[in-house]
Amino acid sequence: GKGACCMVHSGLNKLLDSPAFQSMTFLATIYALFAFDLNLAIGSKATDPVIDYITFTVFAIFVVELILSLVFISGYIQFFFWLDIVATISLFFEIGFFLRITSNMAFAN
């Protein structure tokens, strides 16, 4: 009913504003900015899969944040939406297993 919907809405809104969620997205942003380049500089082939899975997790965090922000933050669809959507899409291209899947699909045609 309506009460349950309001409780879910309120809970998700509180999650979005919580210090824990804000800290997680902050750390995910720092990771997204530097991990790929650091892996290129000091990583090896052996670290690539680990970085891919962590980057996928960060990508998922960004997608969840994007969806929650669209639902709960009025005026979000202006500047910050576009900034977040470009950042999230660009992160997709740093995930090795996504690139292999999409390149295989492109060459299969």
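Going along each chain's sequence as written, the residues are numbered from 1 onward. Note on the predicted model: pLDDT of at least 70 is required for a residue's local features to be given, and 80 or more for side-chain atom pairs to be given and counted; whole-chain, interface and lining totals, by contrast, use all residues. Working from all heavy atoms in the structure, the side-chain values ignore hydrogens and water.

Description of the environment of Thr88
Part 1 of the argument: A helix here means a DSSP run of H or I that spans at least four residues, while a strand means a run of E at least two residues long, and both kinds are numbered starting from the N terminus. Positionally, Thr88 belongs in helix H4 (residues 79-92).
Part 2 of the argument: Working definition: with a 1.4 Å probe on protein chains only, accessible area under 20% of the residue-type maximum means buried, over 50% means exposed, and in between means partly exposed. On the basis of relative accessibility, which here comes to 7%, the residue Thr88 falls in the buried class.
Part 3 of the argument: Placed 28 residues apart in sequence, Thr88 and Ala60 show a C-alpha to C-alpha distance of 9.0 Å.
Part 4 of the argument: In what follows, a contact means two residues having at least one pair of non-hydrogen atoms within 4.5 Å. Those residues within four positions of Thr88 in sequence are excluded, and the remaining contacts are Phe59, Phe62 and Val63.
Part 5 of the argument: Distance and chemistry together define a polar contact, namely a pair of N or O atoms within 3.5 Å, with one atom able to donate a hydrogen and the other to accept it when in protein, and with adjacent residues in sequence counting only for side-chain atoms on both sides. Polar contacts involving the side chain of Thr88 include one to the main-chain carbonyl oxygen of Asp84, which spans 2.8 Å.

Considering the packing of aromatic side chains
Given two aromatic rings, one states the distance between the centres and the angle between the planes to describe the pair.
Part 1 of the argument: For this analysis, a ring pair means two rings from Phe, Tyr or Trp (six-membered ring only for Trp) whose centres lie within 6.5 Å, classed as stacked if their planes differ by under 30 degrees, edge-to-face if by over 60, and tilted for the remaining angles. One pass over the full model with this rule turns up seven aromatic pairs.
Part 2 of the argument: On the basis of an interplanar angle of 75° and a centroid distance of 4.8 Å, the ring pair of Phe81 and Trp82 is categorised as edge-to-face.
Part 3 of the argument: Judged by relative accessible area, Trp82 falls into the exposed class, the value being 52%.
Part 4 of the argument: When the ring of Phe92 is compared with that of Phe93, the centres are 5.3 Å apart and the planes differ by 85°; the resulting orientation is edge-to-face.
Part 5 of the argument: Using a relative accessible area of 21% as the deciding quantity, one classes Phe92 as partly exposed.
Part 6 of the argument: A connected cluster of aromatic rings, assembled from ring pairs, spans Tyr53, Phe56 and Phe97.

Observations regarding a nonpolar patch on the surface
Part 1 of the argument: On the surface, a cluster of nonpolar side chains totalling about 760 Å² of accessible area is made up of Phe26, Leu27, Ile30, Leu33, Phe34, Leu38 and Ile42.
Part 2 of the argument: You can see Phe26 is positioned in helix H2 (residues 19-42).
Part 3 of the argument: With relative accessibility at 52%, the residue Phe26 sits in the exposed group. Without a salt bridge and with relative accessible area above 30%, a residue can belong to a patch; like charges are then joined within 9 Å and nonpolar side chains (Val, Leu, Ile, Met, Phe, Trp, Tyr) within 5 Å. Note on areas: Shrake-Rupley with a 1.4 Å probe; residue coverage comes only from the protein chains shown. We define a salt bridge as a contact between a side-chain nitrogen of Lys or Arg and a carboxyl oxygen of Asp or Glu at a distance within 4 Å.

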